[in-house]
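Observations on the three-dimensional arrangement
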Amino acid sequence: MLPAVRIDYEEEIHRLRREMNAVILAHYYQEDEIQDLADYVGDSLDLARRAARTEADVIVFCGVRFMAEGAKILNPEKLVLVPDMKAGCSLEESCPPEAFRQFKEQYSDHMVVTYINCSAEIKAMSDIIVTSSNAESIIRQIPADRKIIFAPDKYLGAYLVKKTGRDMVLWNGSCIVHERFSEQELVRLKTRHPQACIIAHPECPEQLLRHAVHIGSTSSLIRFSEQHAGGEFIVLTEPGILHEMKKRSPGSIFHDVPGVSGGTCVSCNSCPYMKLNSLEKIYHCMINRAPAITLSDELMKRARLPLEKMLEMSAAKPV
Ligand code: 13P
Ligand code: SF4
């Protein structure tokens, strides 16, 4: 019997990237080895900006499907590959298009501000898309007399209502990862490490956010830890982010927070969708030029407007 041929996925991905003129974009929640191999690692806004201005012919999107759809909508002529088409998002799932259309009809005089974690259909029904990096700044730019629906994340929505003082109508969606961090474990960690700062992503519920000294997008949390190098941090977001935090501040100490027990997972805090990607799947999607994002021209045209509005409203400055 012939010995099995072992593929060096990393090397093959580098070769395919050159041959295909591809760019590999990765979110901070990806496995460490994927972040290390990517051309750019970033938060949702960084990655949307990178996708909007790339000169590559092919975009390999290592994140979740709604992020890759955003890249396709901004670059309809490019091939946008995803390692695993099943990499969805619980926030996207919590906002089905037909139910949202009916909800929107009840508030026909409201403008629709939507978190980027949603399907292309929901984006097409929105006036402006936001990410956790720019949501506060964009909402502050909307005239005070405009009524707003915010979807799909009720926790990010509630946080923004508190921050901006805008009384928005909230859709009842949530992220299964950020909703499940255990407050009991958080308090236990803080008691064990009293000098550690708690930092949190705004997708967490209010009872968790109230413990945090800094709240922000993944890149904002990384920046904060970098600005306080040598410190100790309890990080309330998906633990994939610790890779970049440790790289930028090797002298700091980081603790992730377990999720509440339940189901098949006793201390789950990682995103099951983000973690579907692997080097092997990246290699296969590049070699097969599939799975690729396909959306109708008509849907992309409608979804592009609110995405471009977001890029325009959060232009030059890092928000
Ligand atoms: P960021 O835009 O902060 O990276 O958030 C993306 C996300 O999915 C958080 O769960
Ligand atoms: Fe979606 Fe939550 Fe995963 Fe982010 S962490 S991709 S919001 S399920």
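Residues numbered from 1 in each chain as written. Chains lettered and ligands numbered in written order. Predicted model: local features only at pLDDT ≥ 70, side-chain atom pairs only at ≥ 80, totals over all residues. Heavy atoms only, no water.

**Details of the pairing of strand β3 (residues 58-62)**
Judged by how many residues are buried, β3 sits mostly within the fold: five of five residues are covered. Residues V58, V60 and C62 point to one face of β3 and I59 and F61 to the other, with burial holding for every one of them. Relative to β3, strand β1 (residues 22-27) runs parallel, the two sharing five bridges. Of the residues in β3, the one forming a bridge with A22 is V58. (Buried < 20%, exposed > 50% of the residue type's maximum accessible area, 1.4 Å probe, protein only. Helix = DSSP H or I, 4+ residues; strand = E, 2+ residues; numbered from the N terminus. Pairing = 2+ DSSP bridges.)

**Focus on the sheet that holds strand β8 (residues 169-170)**
One open sheet accounts for four strands, arranged β6-β5-β7-β8; its pairing is parallel. Every interior strand has two partners, whereas the edge strands, β6 (128-130) and β8, have only one. As paired elements, strand β5 (residues 110-115) and β6 share three bridges and run parallel to each other. Residue T114 lies in a different strand from β6, and its bridge partner there is I129.

**Points about the packing of helix α4 (residues 65-74) against helix α16 (residues 297-313)**
At a minimum axis distance of 9 Å, the contact between α4 and α16 shows a crossing angle of 95 degrees. Overall, the two elements α4 and α16 adopt an arrangement that is roughly perpendicular. On the side of α4, the interface is formed by G70, K72, I73 and L74, while α16 contributes M300, A303, R304, L307, E308 and L311. Among the residues forming the contact of α4 with α16, the class breakdown is six nonpolar, one polar and three charged. (Axes fitted to C-alpha atoms, helices over the stretch in contact; angles between N-to-C directions. Parallel < 35°, antiparallel > 145°, perpendicular 65-115°, else oblique. Contact = heavy atoms within 4.5 Å. Nonpolar A, V, L, I, M, F, W, Y, C, P; charged D, E, K, R; others polar.)

**Regarding the site of ligand 1**
Close to ligand 1 lie H27, Y29, D43, S44, Y115, N117, S132, H178, H201, E203, S217 and T218, which account for all nearby residues. N117 places a side-chain nitrogen or oxygen 3.1 Å from an oxygen atom of ligand 1. Between ligand 1 and T218 there is a distance of 2.6 Å, counted from an oxygen atom to a side-chain nitrogen or oxygen. Burial of ligand 1 by the surrounding chains reaches 96%, relative to a free accessible area of 300 Å². For the shell around ligand 1, the per-class residue count stands at two nonpolar, eight polar and two charged. (Near = heavy atom within 4 Å. Polar contact = N/O pair within 3.5 Å; in protein donor to acceptor, adjacent residues only side chain to side chain. Areas by Shrake-Rupley, 256 points an atom, 1.4 Å probe, with all protein chains shown as cover.)

The analysis is restricted to geometry; functional conclusions fall outside its scope.
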